[in-house]
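Structure at a glance
Next come the chains, spelled out residue by residue.
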Amino acid sequence: MLEQKILNIKTQALEDIEKAQSEKELLDLRVKYLGRKSEFNKILKSLKNLSLEEKKKIGPLANSVKKEIDEEIKKAEKIIKSKVDLEKEKIDITAPGKKIKRGHLHPLTIVQNEIENIFVSMGFEIADGPEVETEFYAFDALNIPKDHPARDAWDTFWLKAQTNADDTQTNTDKIQYKSVLLRPHTSPVQVRYMQKNQPPFRIIAPGKCFRHEATDASHEHTFYQFEALVVGDDINAGHFKYIAEEFFSKFFKKKIKVRLRPSFFPFTEPSFEFDINCTVCGGKGCSACQGTGWSEIGGAGMVNQKVFEVSGYPKNKYQGFAWGFGIERLAMIKYKIDDVRLFHGGDLRFIKQF
Ligand code: PHE
């Protein structure tokens, strides 16, 4: 009786195993036939009540059937697994391709490239200078001596540099330091260029600048500036106004007027602030220009003769104009951006719009 029961379970189990299609089904079969609550387990438990003779007969049979079912399930599992693996390796040549994401230029780089292209088309050369600048080029050479209050306008980040890096000083107390700084404007490039070149010339010098600012919607500690310098025998403020109007008209792709207001910079004499007519209302007055019809752009002026002298030019031989303005400011007007911090904030929702 018991023997027949065991053999029936075996037949039924092997049949079921053969039909199973998935690992899950096999797991269920294992529980059904070999689990703690299975009929087979009940039989195994009841063996202890049998006579010794029956025990000798049924015991080994039950064990061998148990082993056989277990092995069959394992075999079936292997086969199903290998089928699944094969399925995974199949290549569906009709599946749509994965889109590769392309990067793009930062809005400030786009604007800088546009500015450079316009100036190169007007015969300007592009000059460059270091972002970590010496006190001499950032201030003294630009007629801003130590302790002059004008230095406050360009408050920046100061660094210390060893004056003689090659000197193998052992006594650290004796090491001499000089002050270097993150340049607060691109004007130092004026002197660096003039020390190596003779007039006449026209250059632009775009680049990164830094200031010790409390940041807000229109102030950032790191920003881009754009210097222009034109020097010759008879360059005057009229040339500046003409070139500025040409440039801004090309940049905004419409006629732009430039307005000069008197100002002060130690390295220009006379100095001006310059405005362009509002690109939103064209000069009538609107909310973007607070009803004035003008947008403030930057500083400019005729190069101070002291700056020529520092650069090694004879006094009163040449005349030139210089200007400087923030590239962010231009990008903000062009793309109608209301917070300068967005440029370096790292928010992709902003950057992806360009
Ligand atoms: N360097 C000045 C600034 O950053 C701008 C400027 C440049 C003014 C050239 C006059 C001439 O404020």
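Structure's up top.
Summary of the structure given here. Please read all numbers here as calculations on a predicted model, not as lab measurements. (Residues numbered from 1 in each chain as written. Predicted model: local features only at pLDDT ≥ 70, side-chain atom pairs only at ≥ 80, totals over all residues. Heavy atoms only, no water.)

1. Re unusual backbone geometry
- In the segment running from proline 199 into proline 200, the intervening peptide bond is cis, with an omega of 0 degrees.
- In this structure, proline 200 sits in the loop between helix H7 (188-196) and strand S5 (201-210).
- Residue proline 270 follows glutamate 269 across a cis peptide bond; omega there is 0 degrees.
- By the element assignment, proline 270 lies in strand S8 (residues 268-277).
- Although it is not a glycine, asparagine 143 adopts a positive phi angle of roughly 65 degrees.
- Relative to the assigned elements, asparagine 143 resides in the loop between helix H6 (135-138) and strand S3 (158-162). (Helix = DSSP H or I, 4+ residues; strand = E, 2+ residues; numbered from the N terminus.)

2. Description of the site of the ligand
- The environment of the ligand is formed by 15 residues, the closest being His185, Ser187, Arg211, Gln225 and Gly324.
- Within the side chain of serine 187, a nitrogen or oxygen atom sits 2.9 Å from a nitrogen atom of the ligand.
- Between the ligand and arginine 211 there is a distance of 2.9 Å, counted from an oxygen atom to a side-chain nitrogen or oxygen.
- The protein chains hide 93% of the 330 Å² of surface that the ligand would expose on its own.
- Given that more than half its atoms are within 2 Å of the pocket grid, the ligand belongs to the largest pocket.
- Breaking the shell around the ligand down by element, the ones donating at least two residues are strand S6 (222-232), strand S9 (294-303) and strand S10 (319-326).
- If you tally residues by element for the shell around the ligand, the top one is S10, at 3 residues.
- When grouped by side-chain class, the residues that make up the shell around the ligand number 6 nonpolar, 7 polar and 2 charged. (Near = heavy atom within 4 Å. Polar contact = N/O pair within 3.5 Å; in protein donor to acceptor, adjacent residues only side chain to side chain. Areas by Shrake-Rupley, 256 points an atom, 1.4 Å probe, with all protein chains shown as cover. 1 Å grid on protein atoms, 1.4 Å probe; cavity = no way out; pocket = protein on both sides within 12 Å on 5 of 7 lines; lining within 4 Å. Sits in = over half its atoms within 2 Å of the grid points. Nonpolar A, V, L, I, M, F, W, Y, C, P; charged D, E, K, R; others polar.)

3. Points about the pairing of S8
- Most of S8 is tucked away, with 7 of its 10 residues classed as buried.
- As judged from the 7 bridges shared by strand S7 (residues 258-265) and S8, these two strands associate in the antiparallel manner. Bridge pairing links valine 258 to isoleucine 276 in S8.
- Once S7 ends, the chain turns through 2 residues before running back antiparallel as S8.
- Sheet analysis places S8 next to S9, joined by 8 bridges and oriented antiparallel. Looking across to S9, one finds that aspartate 275 is bridged to glutamate 296. (Buried < 20%, exposed > 50% of the residue type's maximum accessible area, 1.4 Å probe, protein only. Pairing = 2+ DSSP bridges.)

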